[in-house]
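Take a look at the letters that make up each chain.
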Amino acid sequence: MKIGTPKEVLEGERRVAMTPDSALQLQKLGHECAIESGAGEAAGFTDAAYKEAGVEIIKSAAALWKASDVVAKVRIPTDTELKRLTKGQTLITYFNPSENEEQLKIAAEKGATVMAMEMVPRISRAQKMDALSSMANIAGYRAVIEASNNFGRFFTGQVTAAGKVPPAKVLVVGAGVAGLAAIGASTSLGAITYAFDVRPEVAEQIESMGAEFVFLDFADTEVKDGAETGGYAAPSSPEFQAKQLEKFRELAPDIDIVITTALIPGRPAPKLWTKDMVEMMKNGSVIIDLAAERGGNCELTQKDERIVTDNGVTIIGYTDFPSRMAQQSSSLYSTNIRHMLTDLTPEKDGKIVHDMEDDVIRGATVTHSGEVTYPPPPPKVKAIAAQKPKEKPKELTPEEKRAAEIAAFKKQTKNQVTLLAVGAALVLAVGLIAPASFMQHFIVFLLSVFVGFQVIWGVAHSLHTPLMAVTNAISSIIILGALIQIGSSSMLITILAAVSVFMASINIFGGFLVTRRMLAMFQKS
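Residues numbered from 1 in each chain as written. Predicted model: local features only at pLDDT ≥ 70, side-chain atom pairs only at ≥ 80, totals over all residues. Heavy atoms only, no water.

1. Structural notes on the sheet that holds strand β9 (residues 169–173)
Move 1: If you walk across this open sheet you meet the seven strands as β11-β10-β9-β12-β13-β15-β14, and the pairing is mixed. Only two strands of the sheet have a single partner each, and these edge strands are β11 (212–213) and β14 (306–308).
Move 2: Bridge count between strand β10 (residues 192–196) and β11: two bridges; the pairing is parallel. Bridging from a neighbouring strand, A195 pairs with F213 of β11.
Move 3: Along the sheet face, helix α6 (residues 131–150) touches β12 (257–260), β13 (286–289), β14 and β15 (314–316) and points at about 155° away from the line of β13. (Pairing = 2+ DSSP bridges. Helix = DSSP H or I, 4+ residues; strand = E, 2+ residues; numbered from the N terminus. Contact = heavy atoms within 4.5 Å. Axes fitted to C-alpha atoms, helices over the stretch in contact; angles between N-to-C directions.)

2. Description of the packing of α6 against helix α7 (residues 177–188)
Move 1: Put simply, α6 and α7 touch, their axes get as near as 7 Å, and they point 35° apart. In the packing of α6 onto α7, the handedness of the crossing is right-handed. Contacts between α6 and α7 involve S133, A136, N137, G140, Y141 and V144 from the former and V177, A178, A181, A182, A185 and S186 from the latter.
Move 2: The class makeup of the residues in the contact of α6 with α7 is eight nonpolar, four polar and no charged. (Left-handed = near helix turned anticlockwise from the far one by under 90°. Nonpolar A, V, L, I, M, F, W, Y, C, P; charged D, E, K, R; others polar.)

3. With respect to the sheet that holds strand β6 (residues 113–116)
Move 1: Ordered by their spatial adjacency, eight strands build an open sheet running β3-β2-β1-β4-β5-β6-β16-β17, and the pairing between neighbours is mixed. Here the strands that pair on one side only, and so sit at the sheet edges, are β3 (56–58) and β17 (371–372).
Move 2: The sheet contact formed by strand β1 (residues 2–5) and strand β2 (residues 32–36) spans four bridges and is parallel. Bridging from a neighbouring strand, I3 pairs with C33 of β2.

4. So, unusual backbone geometry
Move 1: With an omega of 0°, the peptide bond running from Y374 to P375 counts as cis.
Move 2: Relative to the assigned elements, P375 resides in the loop between β17 and α13 (398–433).
Move 3: At N96, a residue that is not glycine, the phi angle is positive and equals roughly 50°.
Move 4: Relative to the assigned elements, N96 resides in the loop between β5 (90–93) and α5 (101–109).
Move 5: Here N96 falls in the partly exposed class, since its relative accessible area comes to 23%. (Buried < 20%, exposed > 50% of the residue type's maximum accessible area, 1.4 Å probe, protein only.)

5. Considering the packing of aromatic side chains
Move 1: What the rule picks out here adds up to five aromatic pairs.
Move 2: Relative to Y333, the ring of Y94 has its centre 5.8 Å away and its plane inclined at 15°; by these criteria the two rings are stacked. Residue Y94 is located in the loop between β5 and α5, and its partner Y333 is located in helix α11 (residues 326–344); the two are separated by 239 residues in the primary sequence.
Move 3: Residue classification places Y94 among the buried residues on the basis of a relative accessible area of 14%.
Move 4: Residue Y333 is classed as buried on the basis of its relative accessible area, which comes to 0%.
Move 5: Ring plane angle 85° and centroid distance 6.2 Å describe the contact between F151 and F155, whose orientation is recorded as edge-to-face. (Phe/Tyr/Trp six-rings, centres within 6.5 Å; stacked < 30°, edge-to-face > 60°.)

In short, the description is geometric, and any link to function would need to be established separately.
As C-alpha cells, then:
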C-alpha cells in the first residue's frame, strides 16, 4: 500500500508525519511512500532527502490524498482535508474524538478508517506508539528552554569576582512525562528544582532526578494511583485542592520559575496558580503554562500569548512547544506512526490488517467500516499495574519478639546440627576406605571450604566485586601448589595440576581486570 503524508496546513505548524528515516523503515514493511512537495522543509527535511530515501514527491495535496491508501499527518484534519477521504482509506493523525463528533460522523459516512494517535492506550506494549508522551517529553524540555530565555539570571548559582549569584528556584507542577522532562532539564542546568504531584508514588522518580518532592501533609482517600485513569492523576477532592493551593501560596514568594503541566486530555485544565500567587512572585519571575490549550493552570494565562504582569512576572501560554523543535518532534512522531503501521502490517507484505481484537489498534480506532467506534472499550491490560498497599508488620510486644528470636535460633541450630551430622557421616565413610595421609589433607580441605563459605556468605552483594581482588591471593597459593605437583610421575596428578593452574590464572587476571575498572570509576577524568 502507499503511505502518503501531506503538508500541514495549520498556520505555524512545522512538524511532518514522515521523515526520510521513517520512510526507509516503512518500505521494509512492503509499503510505498509518498509526500507532498515541501511538507518537510519547515522541519529541516528537503525533497531531495526524501527522493534519496525512495519517497515519491507529489506536487499537490489533492493528488497526494487521491493516490494514498494510508494518509499520515500531525494535526486534526480540516474540513477540506476530510472531504478528500475516500472509502477504504485509512487516516492516522491527531483527531480529538471527544470533541470532534461532527468530523467523526463525516469520516464514518465516507467509509474511511480513522486512527487517533492520542487514543493509543497507555499500556506497556503501546509505549512505542505513544505520541502524547513523545510530544509531552519535548514540551517539558522546551518549557525550560523558554523559561531560561525569559529569565534574567543564571539557572545555576555562581561565585564571580563581581559577587555571588544565587541559583534559580524552579517549581514543576505535575510530574507526568512533560513534568519529568522539565525536571531533568532544570536540574541539569543547575537550578534548585521542586516538583509537586498529587500521586505520591512519583516521589521516588522526582527525587531520583535530583529534585525535591513537595510533600503535602493531607490524607486524601480520593487520590488514586493512576491505574484506572490511563496513567493520569485522578481529580482530587475540594479539600485536597484547597490544601494544595495553600501550599503553593506558601512557595510562591520564593520561586523564580513555575512550569505547570497538569492536564488530562478531554478535560479543562485545573486552576492551580491563582492571580494572588502571581502577585506574590518576585519581579522577573517566569511562568510557563503547558496546559494553555485547555484554559491553562494559571488564572492569568492567555493562549498562545506571552504577557508581563504589573509586578513584572512573565506568563507564557504557547501551545506549539513541540513545533518549536520541529526536527526532533517530527523524528519522534514519525517513529510512533511507523510502529503503528508495523502492527498494522503483521506479515511485512505491504498489506494492512486492521485487527479490532488488538487492544492497541482497537483503542486508537475511532471510525471503521462505516461506523463510529469511539469511545473504545477499556483495554484488557491496565495502563499501570495497581500496586497493592504494603501491609504494615504487626507490632510485637517485647515478650513476643523474644519468643520469635528464640524460635528462629532453635530452627537455625537444628539445621546446622543436621548438616554437621550428615557431613561427619560422609567423612567417616571416606575414612574407612582412604589412607591416613589422604584424610589429613581432606579434613583440612573441608575445614577450609566451611570457613570460606561462612566468610563469603556474610559479605553484602555490593561488595562482591572488590572481593574478587582478595581472592587473587588465594588463587596465587593454588598456582604455587599446582606448580609443585605438575612434575609428578602420575599422569592424573599432572593433568589436575595443569587444570588448576589454568583456572586459577583466569581468576587472577579477571580479578585484576575487574578491580582496575572498578577503581577507574572513582578517578577524575
